[in-house]
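Commentary on secondary and tertiary structure
Each chain, written out:
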Amino acid sequence: MWRFAGCGKGVQAVAPELSVVIPVFNEEENLPELYGRLTKVLSGTVSSWEILFVDDGSRDGSWEIIRGLAEADARVRGLRFSRNFGHQMAFACGLDHAQGEAVVIMDADLQDPPELIPQLLAKHREGFEVVYAVRAARHGETFCKKLTAKLFYRLFARITSVEIPLDTGDFRLMGKRAVEAFRRLPERHRFTRGLVAWLGFAQSGVLYERAPRHAGTTKYPWRKMLRFAVDAITSFSHVPLQLATWLGFMVSGFAFLYILVVIALKFAGISWPGYTSLMAAILFLGGVQLVMVGLLGEYVGRIYDEVKRRPLYLVAEEVGPGCKERARELPGYVAPSPGL
Ligand code: UDP
Ligand code: MG
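Below: a short report on this structure. (Residues numbered from 1 in each chain as written. Chains lettered and ligands numbered in written order. Predicted model: local features only at pLDDT ≥ 70, side-chain atom pairs only at ≥ 80, totals over all residues. Heavy atoms only, no water.)

1. Remarks on the pattern of salt bridges
Enumeration according to the criterion identifies 20 salt bridges in this entry. Note that Arg125 is salt-bridged to Glu17, the shortest N-O span being 2.9 Å. Of this pair, Arg125 sits in helix α4 (residues 117-125) while Glu17 is found in the segment before β1 (18-24), placing the two residues 108 residues apart along the sequence. Residue class for Arg125 comes out exposed when judged on its relative accessible area of 54%. With its nearest N and O atoms 3.0 Å apart, the salt bridge here joins Asp170 to Arg193. Linking Asp170 in strand β6 (residues 168-175) with Arg193 in helix α7 (residues 192-199), this pair joins segments that are 23 residues apart in sequence. Note on Asp170: relative accessible area 5%, which makes it buried. Here Arg193 falls in the buried class, since its relative accessible area comes to 9%. When salt bridges that share partners are traced, they join Glu27, Asp109, Arg213 and Lys219 into one network. (Salt bridge = Lys/Arg side-chain N within 4 Å of Asp/Glu carboxyl O. Helix = DSSP H or I, 4+ residues; strand = E, 2+ residues; numbered from the N terminus. Buried < 20%, exposed > 50% of the residue type's maximum accessible area, 1.4 Å probe, protein only.)

Spelled out as structure tokens, the structure:
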């Protein structure tokens, strides 16, 4: 059953100057500190703002904290997914529902410092539609994570035509036009920073030092990280599919030369027992073919996901001003039967 609860009083009549969208997955230890630091920064920077928490199916006390904040402060809104749909879907939902003239998207663990927002906004006022935060340094992350991130961004830049600035995460500010354009991108396997780069418009960056996580542990284990990287590459590049063609040409060329050598040896009267080389060739080709079928499967699976046309996410609950009025527009919303 879908139900909306705990709505605050009074709808904000005009759009706030800034919305801050924050995906939350089991972040109860970070939310009070995040709220405190954000409100301090925002009060000194803009005249009106909203904080929009998107709870991605947390199993800890995160939603209760969000509800408490929304009840105490009319500038806080919360949307709660019906289950865990993923970080990138939470961004999609937040950007769908943000009402501000500009929108900042950031993580909940305080790795993206709220204190950078005034600089992002200043750059936006200079005329840049999108202002992203570039990591000059990353603290509190393992060597392996930093290395794989570095390699990934460089590989991505080589094999795709979208230009993602190196070493940027999702932390960024988007103007209203960019947000409206972003809402028109319906794809399922989402790589937000790539999609925003694809939008174009004037974009610029601001350098910052990425802090360690304030509390708790990463919600991106290696498995999710790898999936995310494959999503990123398959959404923006056909190069993996073309690999099969190139490998095919290479292996055929090699086989042709090999046949010439074997014929020449035959005429020279040299016999060459072929068991080992035959095994090696069969295993090599079998391996290459399976990898290519697997790559093809990655793309076919994504086509299948697209044609099913399921909603990107389902919202089970909303808290904050105006939530009852907006409830009908939420994807997946089913009106409660009379009397409930
Ligand atoms: N997150 C989310 N859904 C998930 C995983 C993560 O909404 O399934 C949120 C998480 O609460 C945080 C942000 O996404 O606000 C980034 O996650 P995390 O800090 O764990 O990633 P890392 O910085 O370690 O890459
Ligand atoms: Mg983090």
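2. Points about the site of ligand 1
Taken together, 19 residues surround ligand 1, and among them Glu27, Asp56, Asp109, Thr218 and Lys219 come closest. Between ligand 1 and Asp109, the relevant distance is 2.6 Å, taken from an oxygen atom to a side-chain nitrogen or oxygen of the residue. Notes on ligand 1: free accessible area 530 Å², of which the protein chains cover 95%. (Near = heavy atom within 4 Å. Polar contact = N/O pair within 3.5 Å; in protein donor to acceptor, adjacent residues only side chain to side chain. Areas by Shrake-Rupley, 256 points an atom, 1.4 Å probe, with all protein chains shown as cover.)

3. Comments concerning the pairing of strand β8 (residues 315-319)
Among the five residues of β8, five are classified as buried, and the element is accordingly described as predominantly covered. Pairing of strand β3 (residues 76-81) with β8 involves four bridges; the strand directions are antiparallel. Pairing of Leu79 across the sheet is with Glu318, part of β8. (Pairing = 2+ DSSP bridges.)

4. Remarks on the sheet that holds β6
With mixed pairing, the eight strands of this open sheet are ordered in space as β7-β5-β6-β4-β1-β2-β3-β8. Taken across any chain shown, the strands that pair with only one partner, and hence form the sheet edges, are β7 (203-210) and β8. When the angles between neighbouring strand axes are averaged without regard to direction, this sheet yields 20°. The pairing of strand β5 (residues 130-138) with β7 spans eight bridges and is classified as parallel. Within β7, the residue paired with Ala137 across the bridge is Glu209. The sheet contacts of α4 involve β1, β4 (102-105), β5, β6 and β7, and relative to β6 the element is tilted by about 50°. (Axes fitted to C-alpha atoms, helices over the stretch in contact; angles between N-to-C directions. Contact = heavy atoms within 4.5 Å.)

5. Section: a nonpolar patch on the surface
On the surface, Phe254, Tyr258, Val261, Val262 and Trp272 cluster together into a nonpolar patch covering about 520 Å² of accessible area. Examined against the element boundaries, Trp272 turns out to sit in the loop between α9 (239-267) and α10 (275-308). Judged by relative accessible area, Trp272 falls into the exposed class, the value being 52%. (Patch = residues over 30% accessible without salt bridge, like charges linked within 9 Å, V, L, I, M, F, W, Y side chains within 5 Å.)

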